[in-house]
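Okay, here's what each chain looks like letter by letter:
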Amino acid sequence: MAEKTTKNLEEVTIRFAGDSGDGMQLTGTQFTNTTAILGNDLSTLPDYPAEIRAPAGTLFGVSGFQIHFGSTEINTPGDQCDVLVAMNPAALKVNLQSLVDGGSIIVNTDGFSDKNLKLAGYASNPLKDGSLQKYQVYEVDITKLTALALQDLNLSSKHVDRSKNFFALGMMYWMYNRPMEPTIDWITKKFKDKPEIMEANLRVLKAGWNYAETTEIFSVRYQVGPARLAPGKYRNITGNQATAWGLMAAAAKAKLDLFLGSYPITPASDILHELSLYKNFGVKTFQAEDEIAGITSAIGASFAGALGVTTTSGPGVALKTEAMGLAVMVELPLVICNIQRGGPSTGLPTKTEQADLLQALYGRNGEAPIPVLAAATPADCFETVFESARLAIKYMTPVMFLSDGYLGNGSEPWLIPDFDKMPDISPKFRTNPEGFLPYLRDEKTLARPWAIPGTPGLEHRIGGLEKQHLTGNVNYEPANHELMVKLRAEKIERIANEIPLAKVDGDEKGDVLVVGWGGTYGAIRSAVMRHRERGNSVSQLHLRYLNPLPKNLGEILYNFKHVLIPELNLGQLLKVLRAKYLVPAVGLNKVQGLPFKAIEIEKKIDEILKG
Amino acid sequence: MAEKTTKNLEEVTIRFAGDSGDGMQLTGTQFTNTTAILGNDLSTLPDYPAEIRAPAGTLFGVSGFQIHFGSTEINTPGDQCDVLVAMNPAALKVNLQSLVDGGSIIVNTDGFSDKNLKLAGYASNPLKDGSLQKYQVYEVDITKLTALALQDLNLSSKHVDRSKNFFALGMMYWMYNRPMEPTIDWITKKFKDKPEIMEANLRVLKAGWNYAETTEIFSVRYQVGPARLAPGKYRNITGNQATAWGLMAAAAKAKLDLFLGSYPITPASDILHELSLYKNFGVKTFQAEDEIAGITSAIGASFAGALGVTTTSGPGVALKTEAMGLAVMVELPLVICNIQRGGPSTGLPTKTEQADLLQALYGRNGEAPIPVLAAATPADCFETVFESARLAIKYMTPVMFLSDGYLGNGSEPWLIPDFDKMPDISPKFRTNPEGFLPYLRDEKTLARPWAIPGTPGLEHRIGGLEKQHLTGNVNYEPANHELMVKLRAEKIERIANEIPLAKVDGDEKGDVLVVGWGGTYGAIRSAVMRHRERGNSVSQLHLRYLNPLPKNLGEILYNFKHVLIPELNLGQLLKVLRAKYLVPAVGLNKVQGLPFKAIEIEKKIDEILKG
Amino acid sequence: MNTLVQEIIEQTAKAEPQKYSAKDFQSDQDVRWCPGCGDYSILAQTQRVMPDLGIPRHKMVFISGIGCSSRFPYYMNTYGFHGIHGRATAIASGVKMARPDLSVWVVTGDGDGLSIGGNHLIHLLRRNLDVKILLFNNQIYGLTKGQYSPTSEKGKITKSTPYGSLDYPFNPAALALGSSATFVARTMDRDPKHMQTILKRAADHKGTAFVEIYQNCNVFNDGAFFQFTEKDTKDESVVFLEHGKPLVFGKERDKGIRLNGFSPEVVSLKDGRYSVNDLLVHNEQDTTLSFILADMTYKPNLPRPIGIFLATLRPVYEMEMERQIAFAKEKRGEGDMKKLLHSGDTWVVQ
Amino acid sequence: MNTLVQEIIEQTAKAEPQKYSAKDFQSDQDVRWCPGCGDYSILAQTQRVMPDLGIPRHKMVFISGIGCSSRFPYYMNTYGFHGIHGRATAIASGVKMARPDLSVWVVTGDGDGLSIGGNHLIHLLRRNLDVKILLFNNQIYGLTKGQYSPTSEKGKITKSTPYGSLDYPFNPAALALGSSATFVARTMDRDPKHMQTILKRAADHKGTAFVEIYQNCNVFNDGAFFQFTEKDTKDESVVFLEHGKPLVFGKERDKGIRLNGFSPEVVSLKDGRYSVNDLLVHNEQDTTLSFILADMTYKPNLPRPIGIFLATLRPVYEMEMERQIAFAKEKRGEGDMKKLLHSGDTWVVQ
Ligand SMILES: Cc1ncc(C[n+]2csc(CCOP(=O)(O)OP(=O)(O)O)c2C)c(N)n1
Ligand SMILES: Cc1ncc(C[n+]2csc(CCOP(=O)(O)OP(=O)(O)O)c2C)c(N)n1
Ligand code: SF4
Ligand code: SF4
Ligand SMILES: [Mg+2]
Ligand SMILES: [Mg+2]
């Protein structure tokens, strides 16, 4: 057995890349969970094609998974990767530009057939033509080694091929000193009904490990110690799972049944999938015939006394806007989750973007204001969607919760919240017929009473026509309409009285304030931290509440020479803040279907500082 | 026959009011057309309930029609009316507050039965209890007089009752010196197949005239001379008719077939009705199963080489937003007409409002900019929708045309345009396969070529997924996406290079600039004129182009101490201009389902001037 | 975990049943339909039938879309939801899934239910939630002042079709059957007794009940159904479907429907060639027969079938949903959020 | 007034007809379906049939919604429009009304066409525009990675229904017939010859042609139709509908479908009790029969009917539209905008 030295690393970024059929998402997820359990801080970025299984070897068929982990604070999936695992030439071609100079490449040599090279558009074999000189290339015939390991099992070649990703995983486990047990357990559970597949995968995983351990090619091995995270119990979680669980937690704390009316759409479908697992929690999931039925059934459920929720992405939101107006008019609780993706139209279904903010704020006919909240990180989806539900119930209003493909599919370690300490957000259903009026509002919140069918003596009727103040009867009188329009607006504005004031991360005054919302949090934080380390007067302010905005936001903005708003759109929050506060804020805008790199924001701040 | 004196009037406002069954809309329209033919300037405001024929005598069943006409420039239907024709107590109750002190009331005494008084919520009979002292009340038993006139015709009492509105019309014709001929002609045409109805209506009309002429009650008669309008040939036209004709004119000048895909909705339906009359113009109207089919069929028609149009109101627009995004992506010409009504949701279907501007600008998922134009007066709908179609064709883009219930149903005299002088706006269909690329853009306009099915050698495919620059193939590459997002935005921005610069009405610099858009034009103009007559430094700027905005708008705004933006919403254009130009503009906002009164704007300007 | 809703349900379960009269189902809102509108009769029959259902008023929900017909819920003294155009069936589905304990009724029109709302309708029918659908078919768009609808006869002259409509009309019964509906019936505004029996049957049906009601719009489409509703023509133009009975009609009950092969034809019972025994006997439970009968609808020289086309049973959607939940709770135990949060791979940082 | 479009139509009308091969209908885009997907076969058959239609390639338009199946137009070297989810039929209606001269094809899936797009589908069918609809039924949502669809069998375990789906599936043929479709057929990805004949018949039909194609999604719903498509089970599980022929099936052609009353039942032709003459004889033009046959679809112990259920004629929507226009022009003369502007009440101001 060969001599091996071990190096310590503070952080490292690895990218697994292969065909959509190669199981790279699974490999990445396994590596992530194991890494999380080791106590590293981490951030991940899955990146897969819109096609299910694009033909093998093609560039558009490449599926990738990047993980950035370390013993330090990790805020992004990593601007560039240090290690690239490429199962074929296409994977190499597509991902090479994201590899740092001097980075390592582990290639499955067998994948480099002339056919595949051609499909990837390589004139010559990069493994031979020296074009990879500036990198450290490890050539491993993963396919052959996998086949060898499975020789005596006489599995179909299809199945043999399917398990080769575990070989790569095994090697990386060895290389970065991760235990195989978590994955071994997972395989054993997952394939308990398919013993031969289970056996195969286990063998190949170990084979990969042993290969790395025994052969000469890998001389060094890396050690990445646990991160100094706040003490407590952690789990790794994706944004979509956190959203599903946040909704369940809200229903539990509200003592309501959770009803999800939804229609599948990338990248939101996983929330529907996740919630449909929890029937024993009384969760009712309804896969409707379309988005309109999704939201209107949820409105019906809320009318009946459930916590109505609908989940979708941009194109689906477009279809729901009429019904959102209805929810505004009938003033019932409703949570609309928009897991944003690249637009316009069908756009880039599997890519991330933040271009639905203005749609969330203004995309309805008439004056129809609703609260809009956005999550900052995958785990933050839990708290933010919980808060969205709380406001929906307390203020009897539809609430838009914004996430995006990057947050929804990305994951990070999550300090598990103390469920008992979470607030009771249960509504008081109206039951007393004495003086009941469907639109008699709460003095403080302006919320109308929630009187559900089945309650004797509260029979009443609601609808989308303008309502008379107090009685809720149909009414077209000029003064009443203006009053109701203002009451509905005022109700939402009053939410600002109870939400936390905006908090600056860094000095309260200074040269540059970087204001962000949603999934840009991590990249902005890294960029701002680097500047502060460099001694620059740069602060960060990240908004969870986009409507209403925190009361103190204006003063804060005025305390800075420059306000920079990085967004994955053409400048939407920018418009909102400029209109409201008349501050000459400037935007940094990227619309590539990809999250920001910290360096992009860091550079922009430099420009501003240079003036 | 009694002595009658004649008084000259510069302008007068009359309101006809009665049950939805009383034919007040018809009476008003007849009076309007006759008045137009006399050469008065005028402006009208129909005001009817959402119910078809609400039960007789009820307050919500009241239907009204107001006409403001004169020998001077008339910009609004009149803040208050000078004469109120009330067919029953409910009509009186509802409309009295809009009558000027000292104004005249002509009541149908027969309508004032105890039952009707009760329905209208009158404790005592206002005709008897002296509560109308400050007005001039003319009591006429119209019902009885009508019956008398028809005695020998033995018509059903229902038909007798139906024609009593012509008695009122006859009286007003006499009172304001209008000829009966136009209405006589109309009746003769309209009822040619129902001779007895024709006869009845004619008799009653004349009976009304004679009654006024011969009896004592009306001692004065009024003369309102023709207005000093620009010379030329005029017709009276409503906004919806002007919109329909503007679209037909555009199709003719574009040498394209007009295709309308639409679903009925108040107050837009009349455009569908009007266009369906002109089959001999080759106009194709398709009443679709819903709004989504309305717009998508129009997109299909545009793809096939027609001028695709869809007409609707707010709730319908909400349903069309996904398809609008598709049109943005496939870059085909399309005109979306939104005849705005009171919102949110179903709201106030028959009332007017301007609250869909932000929806027009931002109500789509992803970055999906489209041009937005708004008409200022009923007749202006013709030119504005024509311009919308011109831009749609030239820039290969969906365009939103904004009108509203007030413009759509309201009417005014219109100087008939010289059709021959209108511009040729015909597109150049691509026919040459040489070097054809579906997304190879015009250097100046950035418009892509319009290559229609049926053209040999240009077979190509478009769709809602992000397109590759030039080829239009599906493409998910980051750089390409950003490029396309920016190209689509830039294309719309470039329209600003050719549209007229914003023109100030009044001084270029000063204390107050009143900026408006859409149907508020008339009221703003009256208010600003009054201030200028009072020597105040107040100017008006009315925007037809809301996206892109005229290039010089910023400079103009900076030239005024105060910028006031009156809108029938909570301040939507206000947001847009503040965000773009960082000007501390203020809004005057009214959301009552009614147009502005000039006085409301005049007062607000006073406040501002007082500071 | 007991939800607030369950608490309310349990409390009110105790309240002992009330005896109602039709009046108890009249709300305080004044009815705003045109004088003479067929909607009045439908409202009256519904209010008459409700007391017989033995369901507490507060357990009833009427849900509608937009249209004259859709104003219906305002006039019922029950819970009501005047939704948006075409979506009543979807809103109702949400109400029923959330609250199987409620009696859920949908009121819709030929435009609301078959034009913009067609998709939600056919999906509700195939899912078979226990929801009652009353489709007021006046073959016109009333509220928007008279455009043709998906049930208007071809060639209809309306505001939007001055040259006559081009669309072949839907046959609502056939569409419902094609959507695998379990209960499909047709009745008429001007036959109160028949409507009442049909409404009762619909209420008793376990599953989605689709009831098409011919309704006269005397303002924009007056007399559309007079051939079937008025005394002088009714007997010859209508055949009433009665379970287990032969299809006989005519003033003198002297005509019948016979199957020639599988095509229905009118035969005389007078000329001795055919007797009642040769006639088609109605069977509500036979889906194939229901298609044959529904297909008679627009056929010339065949009487218009009125009554119950089909009444079969299939598992009820929301009940199956409840069953799955009960099953899951039994199998995995009542869900515990705290447990869930701590389940799976976790680790502790000191 | 002659429009620019008419000019193009007239110019190209002169171009003399071309002879095509299947290859001529293959676009330059690489096909992105999963290896083994049934869509490949459907694409191949379509490309094979196109040359026989005698329609120039540039006159053809393929329109789709969203889904794996809806990627189809990208691979056809004709005009194509990849629309938005569920709206292909509506887009196609617009294309066909604007341009009756084009050959318009819709490609949709069981989700695209029957879930979100159900309403536009049934309305297109009743209107009977001359549009060909190919509905790829794989009983699953492929593109979104495997949720159940409106045609999935009840109880189906998918990502969104881990406890099994609750919805009773649509029977697409019955739904189409219930929507008054004029041409309704069913074929299978794995029976290329049959598919080709059906595609040809659909193309020749004057009016809306609805073709349901059983398609295997080997990634998310592998083998859904193997019972009907695979050699060992096909003969016993499928009965092919042929106009004028009795419904015989079975490996030895020893079984048949007989009408018992009006309910189809399987009878043996071996045991001497029944002969071919007792069997149901297919008649494409009989709507009543088409309902009976479609209704066989999910019935246990009845073979699955494959072929043409109905092929009847009804006026074609866009043709009627053209006729109205011609009529109006004849009656009122070619429209003249200038005249119109000056028509009716006008007055002159000096
Ligand atoms: C989204 C939307 N589209 C259109 C309308 C306009 N609209 C209201 S009711 C109606 C049709 C009503 O017809 P039907 O359902 O037959 O009801 P009826 O009035 O005949 O009883 C339409 C088109 C609307 N309110 N909302
Ligand atoms: C408005 C909208 N909603 C949802 C989606 C997501 N989506 C894309 S395809 C699809 C279903 C596809 O199923 P099917 O039509 O059967 O096509 P298949 O992939 O099975 O061929 C869904 C839900 C979308 N693209 N747009
Ligand atoms: S318009 Fe017709 S349907 Fe509507 S209320 Fe009047 S009569 Fe009834
Ligand atoms: S997912 Fe299924 S339907 Fe889609 S391409 Fe793959 S195999 Fe075909
Ligand atoms: Mg109707
Ligand atoms: Mg499918």
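Below, the structure is looked at part by part. Note that this is a predicted model, so its numbers are computed, not measured.

Side note on the overall build of chain C
No. 1: A count of helices and strands for chain C gives twelve helices and twelve strands.
No. 2: Here the C-alpha coordinates of chain C stretch approximately 95 × 45 × 45 Å along the principal axes.
No. 3: The burial tally for chain C puts 66% of its 350 residues in the buried class.
No. 4: Look at the contacts in chain C between residues 6 or more apart in sequence, and 65% of them connect residues 24 or more apart.
No. 5: Accessible surface, chain C: about 12,100 Å² in total, of which carbon and sulfur atoms supply 52%.
No. 6: Positive and negative side-chain charges in chain C, numbering 42 and 39 respectively, have mean positions lying 2 Å apart.

Quick notes on the sheet that holds strand 9 (residues 232–238) of chain A
No. 1: If you trace the three strands from one edge of the open sheet to the other, you get 16(A)-9(A)-12(C), paired in antiparallel fashion. Each end of this open sheet is capped by a strand with a single partner; those strands are strand 16 (411–415) of chain A together with strand 12 (346–349) of chain C. For this sheet, the mean inter-axis angle between neighbouring strands, taken without regard to orientation, is 35°.
No. 2: The pairing of strand 9 of chain A with strand 16 of chain A spans five bridges and is classified as antiparallel. Opposite Arg235 of chain A, over in strand 16 of chain A, you have Trp414 of chain A as the bridge partner.
No. 3: Across the sheet, helix 9 (residues 239–254) of chain A touches strand 9 and strand 16 of chain A, and the angle it forms with strand 9 of chain A is around 110°.

Considering the side chain of Arg221 of chain B
Residue and element names in this part refer to chain B.
No. 1: As for its placement among the helices and strands, Arg221 is situated in strand 8 (residues 220–223).
No. 2: Buried charge without a salt bridge: Arg221, with Glu213 as the nearest opposite-charge side chain at an N-O distance of 4.2 Å.
No. 3: A polar atom in the side chain of Arg221 sits 3.2 Å from the side chain of Asn177.
No. 4: Every residue in contact with Arg221, bar those within four places of it in the chain, is listed here: Thr5, Thr6, Lys7, Trp174, Met175, Asn177, Trp209 and Glu213.

What about the interface of chain B and chain C?
No. 1: The interface of chain B with chain C comprises 26 residues on the first partner and 29 residues on the second.
No. 2: At the junction of chain B with chain C, the criterion picks out zero salt bridges.
No. 3: On inspection of chain B and its partner chain C, the count reaches seven residue pairs in polar contact (both at pLDDT 80 or more).
No. 4: The element contributing the most residues to the side of chain B that touches chain C is helix 10 (residues 269–275) of chain B, with three residues.

With respect to the interface of chain D and chain B
No. 1: Between chain D and chain B, the contact holds 66 residues from the first and 79 residues from the second.
No. 2: Looking only at chain D, the three residues that lose the most surface to chain B are Tyr79, Leu341 and Trp347 of chain D, adding up to 14% of its buried area.
No. 3: Counting the contacts that link chain D with chain B gives four salt bridges.
No. 4: A salt bridge links Asp420 of chain B to Lys338 of chain D; the shortest N-O distance between them is 2.4 Å.

A few points about the coordination of the magnesium ion (ligand 6)
All names here are of chain D.
No. 1: Protein ligation of the magnesium ion (ligand 6) involves Asp110 (OD), Asn138 (OD1) and Ile140 (O), the donor distances falling in the range 2.0 to 2.2 Å.
No. 2: Sequence positions of the residues that donate to the magnesium ion (ligand 6) give the spacing D-x27-N-x1-I. Remark: Asn138 occurs in the loop between strand 4 (131–137) and helix 6 (172–178) and Asp110 occurs in helix 4 (residues 110–114); sequence separation between them is 28 residues. We note that Asp110, like Asn138, is buried.

A word on the sheet that holds strand 3 (residues 103–109) of chain C
No. 1: The sheet built from nine strands is open, its strands ordered 17(A)-2(C)-1(C)-3(C)-4(C)-6(C)-5(C)-11(C)-7(C) with mixed pairing. Edge positions in the sheet fall to strand 17 (461–463) of chain A together with strand 7 (238–241) of chain C, since each has one partner strand and no second. When the angles between neighbouring strand axes are averaged without regard to direction, this sheet yields 20°.
No. 2: Looking at chain direction, strand 3 of chain C and strand 4 (residues 131–137) of chain C are connected through six bridges and run parallel. Considered in strand 4 of chain C, the bridge of Val107 of chain C is made with Leu134 of chain C.
No. 3: The strands touched by helix 7 (residues 192–204) of chain C within the sheet are strand 3, strand 4, strand 5 (183–188), strand 6 (209–214), strand 7 and strand 11 (304–311) of chain C, with strand 5 of chain C carrying the most contacts at an inclination of about 160°.
No. 4: Together, strand 7 and strand 11 of chain C form the strand contacts of helix 10 (residues 287–294) of chain C, whose direction differs from that of strand 11 of chain C by roughly 160°.

Some thoughts on the pairing of strand 3 of chain C
No. 1: In terms of residue burial, strand 3 of chain C counts as a mostly covered element, since seven of its seven residues are buried.
No. 2: Of the two faces of strand 3 of chain C, the one carrying Ser103, Trp105, Val107 and Gly109 of chain C and the one carrying Val104, Val106 and Thr108 of chain C are both buried.

Overview of the coordination of the magnesium ion (ligand 5)
Residues and elements named next belong to chain C.
No. 1: At this site the magnesium ion (ligand 5) is bound by Asp110 (OD), Asn138 (OD1) and Ile140 (O), with donor distances of 2.1 to 2.2 Å.
No. 2: In the primary structure, the donors to the magnesium ion (ligand 5) are separated according to the pattern D-x27-N-x1-I.
No. 3: On the basis of relative accessible area, Asp110 is assigned to the buried category, the value being 2%.

Quick word on the environment of Ser537 of chain A
All names here are of chain A.
No. 1: Mapped onto the elements, Ser537 comes out in the loop between helix 17 (521–533) and strand 19 (538–543).
No. 2: Considering only alpha carbons, one finds Ser537 and Pro433, 104 residues apart in sequence, at a separation of 60 Å.
No. 3: Ser537 has contacts with Lys509, Gly510, Asp511 and Val512, leaving out every residue within four places of it along the chain.
No. 4: A polar contact is formed between the side chain of Ser537 and the backbone nitrogen of Asp511, at a distance of 2.8 Å.

Describing the nonpolar core
No. 1: Core analysis: the biggest nonpolar cluster contains 356 residues, and Trp245 of chain A together with Trp245 of chain B have the highest contact counts within it.
No. 2: Non-local contacts of Trp245 of chain B, meaning those with residues more than four positions away in its chain, are made with Arg235, Ile237, Glu274, Tyr278, Phe382 and Trp414 of chain B together with Met337, Leu340, Leu341 and Ser343 of chain D.

Quick notes on helix 16 (residues 478–493) of chain A
Given 3.6 residues per helical turn, the α-helix brings residues three or four places apart onto the same face.
No. 1: Over its 16 residues, helix 16 of chain A runs 23 Å from end to end, which matches the ideal 22 Å to within 8%, given 1.5 Å per residue.
No. 2: Packed against the buried residues of helix 16 of chain A are helix 12 (314–330), helix 14 (380–395) and strand 20 (545–547) of chain A together with strand 22 (586–589) of chain B.

Re the side chain of Arg127 of chain C
No. 1: Along the chain, Arg127 of chain C turns up in helix 5 (residues 118–127).
No. 2: Not counting residues up to four positions away in its chain, the partners in contact with Arg127 of chain C are Phe286, Gln287, Ala288 and Glu289 of chain A, Pro315 and Tyr317 of chain C together with Asp167 of chain D.

Some remarks on the packing of aromatic side chains
No. 1: Taken as a whole, this structure holds 58 aromatic pairs over all chains when the rule is applied.
No. 2: Summarising the aromatic geometry, the rings of Trp186 of chain A and Phe191 of chain A are spaced 6.1 Å apart at their centres and angled 90° between planes, so their arrangement reads as edge-to-face.
No. 3: Between Phe167 of chain B and Tyr211 of chain B, the aromatic rings sit 5.7 Å apart at their centres with planes inclined by 55°, giving tilted as the arrangement. Within this pair, whereas Phe167 of chain B is found in helix 6 (residues 164–175), its partner Tyr211 of chain B is found in helix 8 (residues 195–214), the two being separated by 44 residues in sequence.
No. 4: Judged by its relative accessible area of 18%, Tyr211 of chain B is buried.
No. 5: What links up through ring pairs into an aromatic cluster is the set Trp33, Tyr40, Phe62, Phe72, Tyr75, Trp105 and Phe136 of chain C.
No. 6: Looking at Arg448 of chain A, its charged tip hangs above the ring of Tyr439 of chain A, at a distance of 4.8 Å from the centre.

What to know about the site of ligand 2
No. 1: Contacts to ligand 2 come from 21 residues, most closely from Glu291 of chain A together with Cys68, Ser69, Asp110 and Asp112 of chain D.
No. 2: Around ligand 2, the neighbouring residues derive from chains A, B and D rather than from a single chain.
No. 3: In this structure, an oxygen atom belonging to ligand 2 sits 2.7 Å away from a side-chain N or O atom of Asp110 of chain D.
No. 4: A distance of 2.6 Å separates an oxygen atom of ligand 2 from a polar backbone atom of Asp112 of chain D.
No. 5: Calculation on ligand 2 without its partners gives an accessible area of 590 Å², and the protein chains cover 98% of this total.
No. 6: It is helix 4 of chain D that contributes the most residues to the shell around ligand 2, three residues altogether.

Each value, and the rule that gives it
- Residues numbered from 1 in each chain as written.
- Chains lettered and ligands numbered in written order.
- Predicted model: local features only at pLDDT ≥ 70, side-chain atom pairs only at ≥ 80, totals over all residues.
- Heavy atoms only, no water.
- Helix = DSSP H or I, 4+ residues; strand = E, 2+ residues; numbered from the N terminus.
- Buried < 20%, exposed > 50% of the residue type's maximum accessible area, 1.4 Å probe, protein only.
- Contact = heavy atoms within 4.5 Å.
- Areas by Shrake-Rupley, 256 points an atom, 1.4 Å probe, with all protein chains shown as cover.
- Lys, Arg positive; Asp, Glu negative; His and termini not counted.
- Charge placed at Lys NZ, Arg CZ, Asp CG, Glu CD.
- Pairing = 2+ DSSP bridges.
- Axes fitted to C-alpha atoms, helices over the stretch in contact; angles between N-to-C directions.
- Salt bridge = Lys/Arg side-chain N within 4 Å of Asp/Glu carboxyl O.
- Polar contact = N/O pair within 3.5 Å; in protein donor to acceptor, adjacent residues only side chain to side chain.
- Buried area = accessible area lost by both parts, 1.4 Å probe.
- Donors = N, O, S within 2.8 Å, 3.2 Å for Na, K, Ca; no water.
- Core = buried A, V, L, I, M, F, W, Y, C linked by side-chain atoms within 4.5 Å.
- Expected span 1.5 Å × (residues − 1).
- Phe/Tyr/Trp six-rings, centres within 6.5 Å; stacked < 30°, edge-to-face > 60°.
- Lys NZ or Arg CZ within 6 Å of the ring centre and 35° of its normal.
- Near = heavy atom within 4 Å.

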